[in-house]
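Spelled out, the chains give:
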Amino acid sequence: MTTVVNMVVNVVSTVGVILMNKYLYSQGLTQIVFLSTLHFVATSLCVWMMYLFDFFKEPDGVPPLRSFFVQSFCQCGSVAWMNLNLVVNSVGFYQISKLAAVPVILVAEYMMYGTVASTRIKFCLAVLLFGVGLATVADLQLHLTGAVVALIAVAFTAGAQLSVQYCQKKLGINSNQLAYISAPWTCLLMSLTAPIMDNLPTVRLSCWDFYTIALLVLTCVAAASINLTNFFIIGNLSPVSYQVLGHFKTCLVLILGFIFFRAPVAPANIIGIVIAVLATVVYTELKRRESLSPPPPPEDSDVEVLLQPSNFRQ
């Protein structure tokens, strides 16, 4: 039940942030990395308040800071390079690169943990990606620089999500503890990245009215809930399941765009959305059945022994 609540909060908050960011962008706040920095500042403040009110405890022992720094570094790199990816590539190729995160994560999970998805799951994911691609990819222009940027962006995105899972599973901490330790690192790295990626001198809040500033604060609060639920979903499900949820949110945003913003709609958009939503439902059912099946007996390996949390504590 907790997982369902986190997923619902994540979806609602994401849709809300997208709509609010769209308005802020129209008001002149085009510095996306700077806005993302504010979002992680809000996340740090939120998780700090949760700690003060005893929603969670500090991790036992002293987990290795290098693991959390890697997670924060990948998170920062994902935001920065995905935005650069959108700048240097067409929207169609940008969407294709986002779809590529799923197979990259599947390969990485196999190489790191020996995890192999079932044939049904892989077929369902292929159908899902086809549906989302059909719904979102309108133009496709490819050049070498754009391909390299997209490859780096996908690598950072996969690394960020895999490191979230690793920190929780292998270091024995929960999602709130992870956010408590890693969010300040992410704030620091993002604040160093924003002046490079954004034109900060053009940010002029003085010309904004009270409503716009209140909306900026609200988008920070919503983004904090997204970040916290992201950590929970990835840690309790998997990075692939989180990607599936992300593509479902993409379809939902498209539907809302058609309804409320009169966005142009083609038959391919409708067919793609229907395919993606159905694939999401099937994927959810397959994962539910897998969760009810008895797990195979554990096989200890030298790698797993080295990754035990006790080996990281001082």
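A.B. asks: What's the story with the overall build of the protein in this structure? I'm lost.
C.D. replies: If you tally the helices and strands in the protein, you get 12 helices and zero strands. Taken from N to C terminus, the helices and strands of the protein fall in the order α-α-α-α-α-α-α-α-α-α-α-α. Out of the 314 residues in the protein, the part that is buried amounts to 45%. In the protein, of all internal contacts separated by at least 6 residues, the share reaching a separation of at least 24 is 89%.

A.B. asks: Help me out: how do you make sense of the packing of aromatic side chains in this one?
C.D. replies: The geometry of two aromatic rings is summed up by the distance between their centres and the angle between their planes. Within the structure shown, the criterion is met by seven aromatic pairs. Ring centres of tyrosine 51 and phenylalanine 56 lie 5.8 Å apart, and the angle between their planes is 45 degrees; this geometry places the pair in the tilted category. Judged by centre distance (5.3 Å) and plane angle (85 degrees), the rings of phenylalanine 69 and tryptophan 185 are edge-to-face. Here the residue phenylalanine 69 occupies a position in helix α3 (residues 65-88), and tryptophan 185 occupies one in helix α8 (residues 175-197), the gap between them amounting to 116 residues.

A.B. asks: Quick question: what am I supposed to make of the side chain of threonine 280 here?
C.D. replies: Considering the arrangement of structural elements, one finds threonine 280 in helix α11 (residues 267-292). Discounting chain neighbours no more than four positions away, the residues touching threonine 280 are Leu128, Val244 and Phe248.

A.B. asks: Explain the nonpolar core to me, please; I cannot follow it from the model alone.
C.D. replies: Buried together is how nonpolar side chains tend to be arranged in soluble globular proteins. In terms of nonpolar packing, the biggest core is built from 22 residues, with Leu125, Leu128, Val132 and Tyr283 touching the most fellow members. For this core, the secondary-structure elements that each account for two or more residues are α5 (101-113), α6 (119-136), α7 (144-171), α10 (239-260) and α11. By residue number, the principal contributor to this core is α6, which donates seven residues. By size, the runner-up hydrophobic cluster in this structure holds 19 residues, among which are Met50, Cys167, Leu178 and Ala179.

A.B. asks: I'm lost on the pattern of salt bridges in this one. Help?
C.D. replies: Pairing of side chains with opposite charge becomes possible as their charged atoms draw close. Scanning all chains against the criterion turns up four salt bridges. Between arginine 288 and glutamate 285 there is a salt bridge, with the nearest N and O atoms lying 2.7 Å from each other. A residue pair is termed a helical-turn pair when its members lie 3 or 4 positions apart in one helix, as arginine 288 and glutamate 285 do in helix α11 at three residues. On the basis of relative accessible area, arginine 288 is assigned to the partly exposed category, the value being 43%. As a salt-bridge pair, glutamate 285 and arginine 289 come within 3.0 Å of each other at their nearest N and O atoms. Within this pair, glutamate 285 and its partner arginine 289 are both found in helix α11, separated by four residues, close to a single helical turn.

A.B. asks: Explanation requested: the side chain of asparagine 230 in the structure shown.
C.D. replies: By the element assignment, asparagine 230 lies in helix α9 (residues 210-236). Judged by relative accessible area, asparagine 230 falls into the buried class, the value being 10%. In this structure the side chain of asparagine 230 is engaged in a polar contact, spanning 2.6 Å, whose partner is the side chain of asparagine 10.

A.B. asks: Any chance you could explain α8 here in plain terms?
C.D. replies: Here α8 contains 23 residues, and its C-alpha end-to-end distance of 29 Å is more than 12% below the 33 Å for a straight helix at 1.5 Å per residue. Along its length, α8 shows its largest kink, about 35 degrees, at serine 182, and proline proline 184 lies within four residues downstream of that point. Its side-chain oxygen 3.1 Å from the backbone nitrogen of asparagine 176, asparagine 174 forms the N-cap of α8.

A.B. asks: Whenever I open this one, the packing of α7 against α10 confuses me. Can you help?
C.D. replies: Think of two packed helices as two axes; the pair is described by the angle between the axes and how far apart they sit. It is at 9 Å that the axes of α7 and α10 come closest, and there the two elements cross at 125 degrees. The orientation of α7 with respect to α10, classified from their angle, is oblique. On the side of α7, the interface is formed by Thr157, Gln161, Leu162 and Gln165, while α10 contributes Pro239, Tyr242 and Gln243. Residues that form the contact of α7 with α10 fall into these classes: three nonpolar, four polar and no charged.

A.B. asks: Can you help me understand a nonpolar patch on the surface in this one?
C.D. replies: A cluster of nonpolar side chains, Leu19, Ile255, Ile259, Phe260 and Phe261, forms an exposed patch at the surface whose accessible area comes to about 480 Å². Top contributing element to the nonpolar patch by residue count: α10, with three residues.

A.B. asks: Would you mind going over the packing of α7 against α9 with me for this structure?
C.D. replies: At a minimum axis separation of 8 Å, α7 and α9 run at an interaxial angle of 70 degrees. As judged from the angle between their axes, α7 and α9 are roughly perpendicular. For the pair formed by α7 and α9, the contact residues are Gln161, Val164, Gln165, Gln168 and Lys169 on the first element and Phe231, Ile234 and Gly235 on the second. By residue class, the composition of the contact of α7 with α9 is three nonpolar, four polar and one charged.

About the thresholds
Residues numbered from 1 in each chain as written. Predicted model: local features only at pLDDT ≥ 70, side-chain atom pairs only at ≥ 80, totals over all residues. Heavy atoms only, no water. Helix = DSSP H or I, 4+ residues; strand = E, 2+ residues; numbered from the N terminus. Buried < 20%, exposed > 50% of the residue type's maximum accessible area, 1.4 Å probe, protein only. Contact = heavy atoms within 4.5 Å. Phe/Tyr/Trp six-rings, centres within 6.5 Å; stacked < 30°, edge-to-face > 60°. Core = buried A, V, L, I, M, F, W, Y, C linked by side-chain atoms within 4.5 Å. Salt bridge = Lys/Arg side-chain N within 4 Å of Asp/Glu carboxyl O. Polar contact = N/O pair within 3.5 Å; in protein donor to acceptor, adjacent residues only side chain to side chain. Expected span 1.5 Å × (residues − 1). Bend = angle between axes of the 7 residues up to and from the residue. Axes fitted to C-alpha atoms, helices over the stretch in contact; angles between N-to-C directions. Parallel < 35°, antiparallel > 145°, perpendicular 65-115°, else oblique. Nonpolar A, V, L, I, M, F, W, Y, C, P; charged D, E, K, R; others polar. Patch = residues over 30% accessible without salt bridge, like charges linked within 9 Å, V, L, I, M, F, W, Y side chains within 5 Å. Areas by Shrake-Rupley, 256 points an atom, 1.4 Å probe, with all protein chains shown as cover.

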